[in-house]
Every structure is written in structure tokens, then in C-alpha cells.
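Here are the chains, one letter per residue:
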Amino acid sequence: MMNKHPNITLGLLLALFVALGAIQGQRLDRLFEADAFYKWIIAAATDERYGWAEALEHADPALYKEVVAVADPLLQDAKMPEGEQDAISRLSKSLQERENDKLVYELAKGNDLAPFRAQFLEKLRGGDLYYTKDLSYSAVMSGMEGEGSVSIFNLFFGFRKVAANFMWLQVDRYWHMGHLYKMVPLMKTCVLLDPNFIDAYLLGAWHLGYNATAAMEYTPIPLRVWSDKYQDCLGEQEKYYYLAIDFLKDGIRNNPRNYKLFFDLGFGMYREKLNDIDNAVLYLSEAVRLPHERWVPRMLYKCLEEQGEYEKALDGWKENQKRFPENDVNDRSMERLAGLIAERRAAQALEKAKVTQDEAERARLIAESEAAEKEAYDIWVKMDEPYALARKLRIDAINRAEEGLYLEAVSYLDKARFEVGSLFDELSDLIIKYKQAGGLPLSVSEKKALVRDEESVACIGMPEAEKQKRVEALKKRRS
Amino acid sequence: MSAVLDYMRGPWCIAVYTWREGIRKKTLVGFLILSLLVIFGASFMSAFLDQTTVGNAETDLDLKLIKDICVTTISIFGMLITIFISASVVPNEVENKVIYTVLSKPVRRMQYLLGKFMGVQMIVLANLLLMAGLFFAAIWIKQEAMPTLLLWSVLLTYFEFLVVSAFTFAVSCTSTSAVLPTIAGLFIYMTGNLTEYLKDVNNRSREATDFFQRFVGQAAEWLYNILPNLQKFSLKNYILDLQPNDPLPSEMMDQIPNLILYGLAYAIAGYVIAYWVFRRKEL
């Protein structure tokens, strides 16, 4: 054949290999599309788990709901995380365990979800989806309207990441020049060019949340404005904190398997800046599920302690002790938590003793309270450090106050609150409480603190329900 | 088996000869030295970045910069080396008239071309491995972990080069000078990266009512399906975003073998074109 009709043979061979290439190309397109769909599912599941509400005006939630309806029954074999809330879908829960990734990917690629994959692609190309706004696979991006169209993505022949790096150097230059206002759009361009540029998200959020706000005046709560989007009272600083949070959340949508973004969101923003310990614990818990540095769990245990989840924090430190026995922090933290748990046990038993009518039960509860208090006291004595001293003084103060010796109690607390800064607010509240109970005069700063507390329950435009919630919380803190 | 070995003896000799000749080319060595300098220089970027790394924030910015610059350098210089060598091996032999001596021996044109193509691939691979080796070392020093994922990235880079090399080689078989195939090679590389536009054209033409626009859209779709799309190999960049010792995620495990087959199919198609034009060439 080759010798007789070489041109026909070669033509056929050429057609065969071009056809093979074309078939492979189409197959790859399908794989890239399935991959994009899979990544969208991960992003949507992350949104579902954390209750983010940014995509409400887009087509994502409705489509995700349909996907969940089909996918959930197919995930019976998936490993589920322990102690998770039932309100979220099985799909979202299963994606908390990395070993289920393959299972979910096979679902995203397979026939069961094929109609939704087609819908996803149609909506993606129509620019109707939110979670995929920075999706970078150019094969999927083709024909997409709006930002991130094929023209931008192909402009650099695949060198977009380098372009993003050099743009980042410009961001850094602006930072050193103090041109903060020029940085934000450039940072966003950096992550548009390279949605996997983790450091751009981290440093961008750091600039927004820390540096941009450093020179800003603190806005008293009554002068702040209520934001429906963030469900919080916003001053100038808080606006930037939430810009940083949004930036990190975008990063998480594009890189849901990177612990650093969860860590910075939980610890850097919610704990350090907004003092929102519940959210800090939420995101730090996700960070420790992913491959992480050894200090990440320690920050989670710290936040759990601040949240009052002493037992969970203690379990965490015990686990840490097993993994890193050489670390001194483990022992100190476990001792401290044992002291706090004993203190709480003592307080709870005393509270019960105060309300019970049964004399024998009261005597038992008081004995229990005293035993727990002694246990805590012994721990603080043994620890012999400023924090332990402050806790010891706090116990002494409570005992004096129980005996009606309020002035002595206040003097103990006054000494204790200057021992450890982290206890200052808690002990100052106690001082005010005992002064009021003992009829002692409040200092000017204490009176101001009370006024601040009263004013902190409302800001401009706050809904009444939220105001009531905060009033209740304040009452609870004061009691 | 022995028949195959016998058949391959000729091409292998030509490949070795092409390799020996190729590594002596000054332009090639120049490209290689330049690329190695850039890769080596990229590892010093961290010193420059010390001023830019902000506060106490621990970042991998310097590492990312090294990765991105090195991957880009390997892509640019590797592609230039690939185009330059693929475009010149056959025309240079025609120009030096060495080809007449070779073809007068009992060597078929197919064997000659196969030898030349194998020689080109040996040079491309050697250059790529040299650059990748230095990149590997730079990351290893910085990260103190074996960046095994880099091997997957390098593998995909090679198959991207293979496609461009095969089509440039095909053009070079029509030419007596290396200039035209070199320009054509660059054009092939650019076109290969812009194939995605054709899909874009097709998507936009779907809503058109005009017959001509719809025809253009249809033609664009056909072309999109037929032409090689080098953007598909950009997966190599995403591999490097993973942690160095992470196993490849399932989606990439799916995509990589298909990408290799994709590259191979177009490389063979390119080679068939090369042989088609070369067998009728008057020599």
C-alpha cells in the first residue's frame, strides 16, 4: 500500500493521528470541565459549611442544592467527620475529609451528575456563577463573559503567574511608598492572574487588616454603622477588616485545600482583629484538618480556651503532648486548663448550692465546690507564674466577696489585673460588680466603662432584634 | 525484533551524529547558558525579597518566585532551543550538502528523518533535564524537601516541546534555510497557545443569526478540534502550586496520561507531515 499509493497512505496516517489528537483534545476538555465542576463543588460546599452569603444573587446556591440532592445518597461510603452539625449536606461534610476528594471527583466526572455539569458549564460561560469567578482553567474559561475572559488568560502564553509575581513586586513598592490606595486593585489583579497565589491573599489581607488600619482612629460603637452584609457595626477600621476577610474568603474559594488561608482568616482576622472567638474556632478547626504547621493546632486550643471550651482544649493539648513531647507549652497549658476546669467546677457547684432547697444536697455541693476550689488553688500555687498568681488572687477575691469583704476583694482583684494583661477586662468587670454589691464608689474610668458598655449595644441603623440580643448578652455578662 | 533493531541501527547512528553536532552549536549553548543564569539568578531573588517580605508574616513568596521564574525560563529558553534545533538540523545538512552523502548510503529517507528527529529530541531532552536539574536543586536548597512533583511538570513541558518540535521539523523539511522554519516554529508556538480563541469565536457565533458568522463559528470549532492546543499543557504550572511531596490529586492523575497521549498524537502527525514533504524533496 505504502509503495503503491504513498500519498494516500500518508494522508490516511496523518488524518488518523490528527483525529486521535482531536479525540484526545476533546477528552481533555471534558476532563478539565469535570475538574472545574469538581472545584466549584468544593467551593460551594465550603460556602455551605460556613454560611457565607455572598452568592445569593447568583445561580450557585440553586444549582448546588440540585447537585446535593443527587450526590448525597451516593456518598454513603464516604468517611464523615465526627461531631458535625446535621444541618449541612452530606456532600459538604464529606469534603471536610481529604480522603473523600477522590470519591467526589469521580462523582463530578461521572454520569450521575452529568446534567448538572452541563448546567454548570452553561452558567459558567454565561457569567452567572459566583464561586468560579476566578477559575483559571482556560479551556473552561473560553467564551466566558465578563472578567477573566479568554483574552486575558491567553495573553501571556501561560506566563500569567510570572506576570502576577512582577505585579506583586509593584504592590510591594507601593506599600513602601505608602500608596495604600493603589495596592488594593493591583492585589486583586494579581490573584485574577494567578488565583493560586496564596501569598498574595495572605499579604493582601494583612495589608488591609493590619497596615491600612494602623493609622485609623478607633470608632466608638454608637458612631458605627450597621452592615446587613456583615451583620456587624462598622467603623473605618472594621470596613477594612471585612475587606481583608472577603479577600481571604475569595482565596479559600480558589484554594480550599490550603490551611494558611483558613488560619489567617480564623486567627489573624477573627481572633486578633474582631475578637470573634466563635468564628476563629470555626476556621482554625478547618485549618487543622488540612496539612499544617505544628503551631496551627496550638492557636486553635488557645481559642478554644478563650471560648470556654476547656475540655476540648485540654484534649487538644494532650494530643499535642503525644506528638511533640519536647514542647514545654503543652505541660503549662494542660496545668492551666486543669486549673480553669476545677475553678469552673467550683463555681458551678456553688451556684447550684445557692438555689437548692435540700440542706444535705447543699452541704454536699458546698463541699464539692470547696474541694474543686482547693484543687484549682493548688494548681495555681504549683504553677507559680503571673497568670497563676492572678487566678489565685481571683479565687481569694471571690472568697472575700462571699464573706461580704468587698473592699478586700477589690484590692485583690486590682493587684491581679495588673499581673496579666489578658485577664484585665474580666477582672475589671468583677471589680465593678463587687464595688456595686458592696456600695463602694466607682472610679471615673469604671463609670466610663459602664457607660461604654451601655452604649455598645447599638450602632446607627442596627435592627431592633440585634439590639435586644446584645442587651441580653450584656445583662448575662454583668450578672 | 532483530528486524526492528536492524532497521533502527541507521536512524540511531544519525541521531547520535545529530546530537554531537547539535551540542556544539554556539547559539544553542548561548541559550542554555542564558537560561541557566536566569534559573541560578532566580534563587538569589530571596535576598532581594528580604526587603519586600512584610512584617513577621511567614510567606513562601520567594519560593513561589523561584518556581514561577524557573518554569517560565525553562519554557521560553527550552522552546527557543527546541525551535532552533528542530528548524536547523535538516536545512543545515542540505546547505552543507552532507545530506547527499548520507542519502547515497543504504539509508531510506524515512530512516534518515527518524534519526534526525530522534537526535533533535535527544538534544531537547538533554537541555530540558539540565535546566530542570538546576531548578530541582534550587528548590531543594530552598525548601529542604525533594520536589518530586517537579518531575511531572518537566514531563508535561517535554511533551509540549515535542509537539512544537514535530511541526517545526515538518516545516524545516520544506526549506533549504533555517530562517523560515525558525520563524514558522515561533508562529506555531504562538498559534498553539491561541487556539483557545477559536473556541471563543465559536461560542460567540452561536447567538448570531447571520449565516456567514455562523459559518465562521463552525469553521472555528473544526479548527479548534483539529489544531493542537498548547494551553492544555499549562497544567504543568498548577502542579507546582501543590506541596512538593504531595501525591498528585486524582484529577491530575487523570489529566496527565491523557495529555501525554495528546502530545504524542500530534507529534506523530507532525512527523508524518515531515516525511510526506521530505520524501518528494528533490535531493
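Summarised in this report is the structure supplied together with it. Please read all numbers here as calculations on a predicted model, not as lab measurements.

### A few points about the interface of chain A and chain B
Counting residues at the interface gives 61 residues for chain A and 56 residues for chain B. Between chain A and chain B lies a buried interface of about 5,300 Å² when both sides are counted; carbon and sulfur atoms form 62% of it. Between the two partners, chain A and chain B, sit five salt bridges. Between B:Lys199 and A:Asp29 there is a salt bridge; the shortest N-O distance is 3.7 Å. At the junction of chain A and chain B, the tally comes to twelve residue pairs in polar contact (both at pLDDT 80 or more). Here the side of chain A that touches chain B gets 23 residues from one element, more than from any other, and that element is helix H1 (residues 6–50) of chain A.

### Let's talk about the environment of B:Phe169
Of note, B:Phe169 is situated in helix H7 (residues 149–172). Residues B:Phe169 and B:Phe117, 52 residues apart in the sequence, show an inter-C-alpha distance of 7.6 Å.

### Here we look at the packing of helix H14 (residues 296–307) of chain A against helix H15 (residues 310–323) of chain A
Residue and element names in this part refer to chain A. Running from N to C, H14 and H15 point in directions that differ by 160°, and their axes come no closer than 8 Å. On the basis of their axis angle, the class for H14 and H15 is roughly antiparallel. In this structure, H14 crosses over H15, and the sense of that crossing is left-handed. On H15, the residues touching Arg 298, Tyr 301, Leu 304 and Glu 305 of H14 are Tyr 310, Lys 312, Ala 313, Gly 316, Trp 317 and Asn 320.

### Points about a nonpolar patch on the surface
Residue and element names in this part refer to chain B. Taken together, Val 201, Phe 211, Phe 212, Phe 215 and Val 216 make up a surface patch of nonpolar side chains, about 530 Å² in accessible area. If you trace the backbone, Phe 211 turns up in helix H10 (residues 211–226). Looking at Phe 211, the relative accessible area reads 66%, which means it is exposed.

### Some remarks on the nonpolar core
A:Trp168, A:Phe263, A:Leu265, A:Trp380 and A:Tyr434 are the most contacted members of the largest nonpolar core, which totals 83 residues. When sequence neighbours within four positions are dropped, the list of residues in contact with A:Trp380 reads A:Arg336, A:Gly339, A:Leu340, A:Glu343, A:Tyr387, A:Ala388, A:Arg391, A:Lys392 and A:Ile395. Residues B:Val154, B:Phe161, B:Ile260 and B:Tyr275 belong to the second largest nonpolar core, which totals 81 residues.

### Quick look at the pattern of salt bridges
All names here are of chain A. Across all of its chains, the model carries 46 salt bridges over all chains by this definition. A salt bridge links Asp 101 to Arg 257, with the shortest nitrogen-to-oxygen separation between them at 2.7 Å. With Asp 101 in helix H4 (residues 101–109) and Arg 257 in the loop between helix H11 (236–254) and helix H12 (259–271), this pair connects stretches of sequence that are 156 residues apart. Residue Glu 311 pairs with Arg 344 through a salt bridge whose shortest N-O separation is 2.9 Å.

### Remarks on the packing of helix H8 (residues 160–177) of chain A against helix H9 (residues 180–193) of chain A
To characterise two packed helices, one gives the angle between the axes of the helices and the distance between these axes. Residue and element names in this part refer to chain A. Packing of H8 against H9 leaves a shortest axis separation of 9 Å and a crossing angle of 165°. In this view, H8 runs roughly antiparallel relative to H9, as classed from their interaxial angle. Our pair here, H8 against H9, has a crossing hand that is left-handed. Between H8, through Arg 160, Ala 163, Ala 164, Met 167, Trp 168, Gln 170, Val 171, Tyr 174 and Trp 175, and H9, the contact on the second element is made entirely by Leu 180, Lys 182, Met 183, Leu 186, Met 187, Thr 189, Cys 190 and Leu 193. Class assignment for the residues of the contact of H8 with H9 results in 13 nonpolar, two polar and two charged.

Rules and cut-offs
Residues numbered from 1 in each chain as written. Chains lettered and ligands numbered in written order. Predicted model: local features only at pLDDT ≥ 70, side-chain atom pairs only at ≥ 80, totals over all residues. Heavy atoms only, no water. Contact = heavy atoms within 4.5 Å. Buried area = accessible area lost by both parts, 1.4 Å probe. Salt bridge = Lys/Arg side-chain N within 4 Å of Asp/Glu carboxyl O. Polar contact = N/O pair within 3.5 Å; in protein donor to acceptor, adjacent residues only side chain to side chain. Helix = DSSP H or I, 4+ residues; strand = E, 2+ residues; numbered from the N terminus. Axes fitted to C-alpha atoms, helices over the stretch in contact; angles between N-to-C directions. Parallel < 35°, antiparallel > 145°, perpendicular 65-115°, else oblique. Left-handed = near helix turned anticlockwise from the far one by under 90°. Patch = residues over 30% accessible without salt bridge, like charges linked within 9 Å, V, L, I, M, F, W, Y side chains within 5 Å. Areas by Shrake-Rupley, 256 points an atom, 1.4 Å probe, with all protein chains shown as cover. Buried < 20%, exposed > 50% of the residue type's maximum accessible area, 1.4 Å probe, protein only. Core = buried A, V, L, I, M, F, W, Y, C linked by side-chain atoms within 4.5 Å. Nonpolar A, V, L, I, M, F, W, Y, C, P; charged D, E, K, R; others polar.

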